[in-house]
Amino acid sequence: MNGAAGSGVRVSELEVASSTRRIVAPLDLQVAPGETLAIIGESGSGKSLTARAITGLLPRGIRATGRVAIDGFDYDVAAASADTWRQVRGRRAVLLLQDPFTSLSPVMRCGQQIALTVEARLRAEGAAPDRERLRAEVERRLAEVQLPSRVARQYPSELSGGMRQRVAVAAALAAEPELLIADEPTTALDASTQGEVLDLLRSLQETRSMSLILISHDLGVVEGRADGILVMRDGEVVERGEIERVIRDPQHEYTRALIAANPSLGDAAPPRSLSAAPVLTATGISKYFGATSALTNADIDVAPGEVLAIVGESGSGKSTLARSIAGLEIPDSGEVTLRGRPLPPGRRGRRPDEIQIVFQDPYSTLNPSFTIGQTLEEAVRAGSRRDRTAAELLELVELEPGFATRRPSQLSGGQRQRVAIARALAPNPEVLICDESVSALDVSVQAQILALLTRLRDELGLAILFITHDFGVVGRIADRVVVMRGGEIVERGATERVLRDPQHDYTRMLVAAARHDSMRAPDDPRHPEGLR
């Protein structure tokens, strides 16, 4: 185990396999100190398992072979002992995960969690950390990620998603690693917060001359924030090079398809003429959680065959408004009417054929012990149209009838979301609420689900409330848009007009953030069939 100090990261012939198949074909990569390598690919491409192989954190039943050198510390990933991995993890390499709740304990204050990392590093260096030194270093680490010192006294649940991810970054960097591997670190964050966290990582990495491997399914978020790029598909590297060259002149058809599938503000659909009266109206909706106002006097309406997007960052009140309309929250004031008939607050007195909701994570809402057929049949029994079959519902969302015998764990993320949509449509509702229902999906799968929702809107005459934080997605599906901030509606209008000429400062900021993180290749098709 030897090499030149400050030599960055070198991975040679890294291969990942299970007992039955090869998952990642042998690959090589290098990342110099102070540089960022982006690894891009859809779910199942092998990008995350590549990262986990480097740090020895593969799932049970998965093994890796190959060699890795981090700042001259060279090891064989197949033969590495527990002592070798102790020297790698934390001291040389840190893995930063997508969901900070995965890496942060919910029962410990944020400062304690950062202090544990600091203490472990100091002890490894032979120092004896005292309480005052730990407190000072925790404050310094929080300041480094642009958080106030009060965050040290707070629990992760008391912070926004962006703040939690900054705490996770602070804890990771407190180990002073030579390599930081960020695995989808911003997927669940708002566009503006995404940019802030990625720009923060880039700045810290350059300041420390640290090597950074940034893993993502979204080319848009890594543009301008990485030096080199590997594009992976089905365990193979299909393209590599300087990121600006790959984005400007992609050589592989898969790379071109990923670029084309990326949501862009230029994708705004042409305005449609809608003359029908609103099917659903919400007026004066207000909601308090204790002394905190989550919603203030919100008014919206949506017509049959129309998609109304409700856009805002975390904490804007968009999901609270959706849940109040669906009856999952009881507002403190206001009224929801369906075809002019007032709906009672909460679920009591509501019928399944009135309003249904599709959530962000279908895996958490589908019963893992039920087959897909059982799930859909149960949903049919809850509605008024009991003549529908599971096979018909699967066909409606473009899935084969054979999926009825599978369970949620046997499906991809996009397939599970199609099942969640089919289940919501089983009672034949007049209004469908999609609450961040494409935000966790790969860009190509996202495009397919948006196309599916558009078709269902037209075929079934559905009124759709589409809750999102992503203006790039809004342009592809919505007729009108409502922008929320701090529980209030700050702007509303036709999607094309709002994207072209936002009137409120907050809307302009969201549009600018989406424009910065969106891109497309000229002359490429918008919805590539090759990714289906």
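Higher on the page you've got the structure.
The structure presented is a predicted model; accordingly, all values stated were derived computationally and were not measured.

1. Some points on helix α10 (residues 253-261)
Stage number 1. The element α10 is extensively covered by neighbouring structure, given that 7 of its 9 residues are classed as buried.
Stage number 2. Restricting attention to buried positions, one finds in α10 the residues Y254, T255, A257, L258, I259, A260 and A261.

2. A look at the pattern of salt bridges
Stage number 1. Taken as a whole and judged by the stated rule, the model has 37 salt bridges.
Stage number 2. With a closest N to O distance of 2.6 Å, D199 and R225 form a salt bridge. You can see D199 sitting in helix α7 (residues 191-208) and its partner R225 sitting in the loop between α8 (219-222) and β9 (228-233), a full 26 residues away along the chain.
Stage number 3. A relative accessible area of 4% places R225 in the buried class.

3. A few points about the packing of aromatic side chains
To describe a pair of aromatic rings, you give the distance between the ring centres and the angle between the ring planes.
Stage number 1. Counted under the stated rule, the structure contains 2 aromatic pairs.
Stage number 2. Note on F73 and Y75: the rings are 6.1 Å apart at their centroids and 45° apart in plane angle, and the pair reads as tilted. Neither residue differs from the other here; F73 and Y75 are each classed as buried.
Stage number 3. Ring centres of Y75 and W85 lie 5.4 Å apart, and the angle between their planes is 75°; this geometry places the pair in the edge-to-face category.

4. Focus: the sheet that holds strand β11 (residues 280-289)
Stage number 1. The 4 strands lie next to each other as β12-β11-β14-β15, forming an open sheet whose pairing is antiparallel. Of all strands in the sheet, those bounded by a partner on one side alone are β12 (292-302) and β15 (341-343). In this sheet, adjacent strand axes meet at a mean angle of 30° when their direction is disregarded.
Stage number 2. Pairing geometry for β11 and β12, over 7 bridges, is antiparallel. In the sheet register, F289 faces β12, and the bridge partner there is T292.
Stage number 3. Against the sheet, helix α11 (residues 318-326) contacts β11, β12 and β14 (333-338), and its axis sits at roughly 65° relative to β12.

5. A word on the nonpolar core
Generally speaking, nonpolar side chains in soluble globular proteins are found buried as a group.
Stage number 1. Counting 51 residues, the largest nonpolar core has I421, L432, L453, F466, F471 and V481 as its most contacted members.
Stage number 2. Other than its neighbours up to four places away in sequence, I421 contacts V358, V397, I449, L452, L453 and L456.
Stage number 3. Counting residues in each nonpolar core, the second largest holds 50 residues, with L173, A174, A175 and L201 among its members.

6. A few points about helix α12 (residues 372-382)
Stage number 1. Every buried residue of α12 is accounted for by I372, G373, T375, L376, A379 and V380. Buried residues of α12 fall within an arc of 160° about the axis and therefore sit on the same side.
Stage number 2. For α12, the elements touching its buried residues are α13 (390-396) and α14 (413-425).

7. A closer look at the pairing of strand β17 (residues 431-435)
Looking down a regular strand, the side chains alternate between one sheet face and the other.
Stage number 1. Within β17, 5 of the 5 residues are buried, which leaves it mostly tucked inside the rest of the structure.
Stage number 2. Residues of β17 alternate between two faces, with V431, I433 and D435 on one and L432 and C434 on the opposite face, all of them buried.
Stage number 3. Relative to β17, strand β16 (residues 355-358) runs parallel, the two sharing 4 bridges. Bridge assignment links I357 to a residue of β17, and that residue is I433.

8. Let's talk about the pairing of strand β18 (residues 463-468)
Stage number 1. With 6 of 6 residues buried, β18 lies mostly within the body of the structure.
Stage number 2. Residues A463, L465 and I467 of β18 are buried on one face, and the alternating residues I464, F466 and T468, pointing to the opposite face, are buried as well.
Stage number 3. Note that strand β13 (residues 307-311) and β18 share 5 bridges and pair parallel. Residue A309 lies in a different strand from β18, and its bridge partner there is F466.
Stage number 4. Both β17 and β18 contribute to a ladder of 5 bridges, which runs parallel. By the bridge assignment, D435 is partnered in β18 with I467.
Stage number 5. In this fold, β17 hands off to helix α15 (residues 443-460), which returns the chain to β18; that crossover is right-handed.

9. With respect to the sheet that holds strand β3 (residues 36-40)
Stage number 1. If you trace the 6 strands from one edge of the open sheet to the other, you get β6-β7-β8-β3-β9-β10, paired in mixed fashion. Looking at the sheet topology across the chains shown, the edges are occupied by β6 (93-96) and β10 (236-242). On average, each strand axis in the sheet is inclined to that of its neighbour by 15°, with strand direction left out of account.
Stage number 2. Across 4 bridges, the pairing between β6 and strand β7 (residues 179-183) is parallel. Across the sheet, residue A93 finds its bridge partner in β7, namely L179.
Stage number 3. Sitting on the sheet, α10 is in contact with β3, β9 and β10, with an inclination near 100° to β9.

10. Re the environment of L425
Stage number 1. Within the element layout of this structure, L425 appears in helix α14.
Stage number 2. A C-alpha to C-alpha distance of 9.7 Å links L425 and L462, two positions 37 residues apart in sequence.
Stage number 3. Among all residues touching L425, those that are not within four sequence positions of it are R388, L393, L396, L432, L456, L460 and L462.

11. Description of the packing of α12 against α14
Stage number 1. Viewed as axis vectors pointing N to C, α12 and α14 meet at an angle of 25°, and their least axial separation amounts to 8 Å. Considering the angle they form, α12 stands roughly parallel to α14. Like other packed secondary-structure pairs, α12 and α14 cross with a definite hand, here right-handed. Facing α12, whose interface residues are I372, T375, L376 and A379, α14 presents V419, A422 and R423.
Stage number 2. Here the residues of the contact of α12 with α14 are counted per class, giving 5 nonpolar, 1 polar and 1 charged.

12. Observations regarding the environment of L308
Stage number 1. Following the sequence through the fold, L308 ends up in strand β13.
Stage number 2. Separated by 155 residues in sequence, L308 and A463 have C-alpha atoms that sit 8.1 Å apart.
Stage number 3. Each residue touching L308, except ones within four places of it in the same chain, is listed here: I300, D301, V302, I464, L465, F466, R480, V481 and V482.

Analysis parameters
- Per-chain numbering applies: the sequence of each chain, read as written, is numbered from 1 onward.
- In view of the model being predicted, local features appear only for residues whose pLDDT reaches at least 70, and side-chain atom pairs are presented and counted only at 80 or more, with totals across whole chains, interfaces and linings using the full set of residues.
- Heavy atoms throughout the structure, all of them, feed into the side-chain values; hydrogens and water do not.
- Burial status follows relative accessibility: with a 1.4 Å probe on protein chains alone, a residue under 20% of its type maximum counts as buried, one over 50% as exposed, and anything between as partly exposed.
- Under the DSSP-based scheme used, a helix requires at least four consecutive residues in state H or I and a strand at least two consecutive residues in state E, with every element numbered from the N terminus.
- Salt bridges, as used here, are contacts in which a Lys or Arg side-chain nitrogen is within 4 Å of a carboxyl oxygen on Asp or Glu.
- Stacked, edge-to-face and tilted are the three classes for Phe, Tyr and Trp ring pairs, Trp counted by its six-membered ring, which pair at centre distances within 6.5 Å; planes under 30 degrees apart are stacked, over 60 edge-to-face, the rest tilted.
- Two strands make a pair as long as DSSP finds a minimum of two bridges between them.
- Only the contacting stretch of a helix is used when fitting its axis, a line to C-alpha atoms as for every element, and angles between N-to-C directions run 0 to 180 degrees.
- Contact criterion: two residues are considered in contact whenever any of their non-hydrogen atoms come within 4.5 Å of each other.
- What makes a nonpolar core is a set of buried Ala, Val, Leu, Ile, Met, Phe, Trp, Tyr and Cys residues whose side-chain atoms join them at distances within 4.5 Å.
- Directions pointing from the helix axis toward each C-beta atom define the arc.
- For a crossover, the right-handed case is the one in which the path from the first strand over the helix to the second runs clockwise, viewed with the strands pointing away from the viewer.
- Every angle not falling under 35 degrees, over 145, or within 65 to 115 is termed oblique; those three ranges are roughly parallel, roughly antiparallel and roughly perpendicular.
- Should the near helix be turned anticlockwise from the far one by less than a right angle, the crossing is left-handed, and should it be turned clockwise, the crossing is right-handed.
- Gly is put with the polar residues, along with every residue not named as nonpolar or charged; the nonpolar set is Ala, Val, Leu, Ile, Met, Phe, Trp, Tyr, Cys and Pro, and the charged set is Asp, Glu, Lys and Arg.

None of this, on its own, says anything about what the molecule does.
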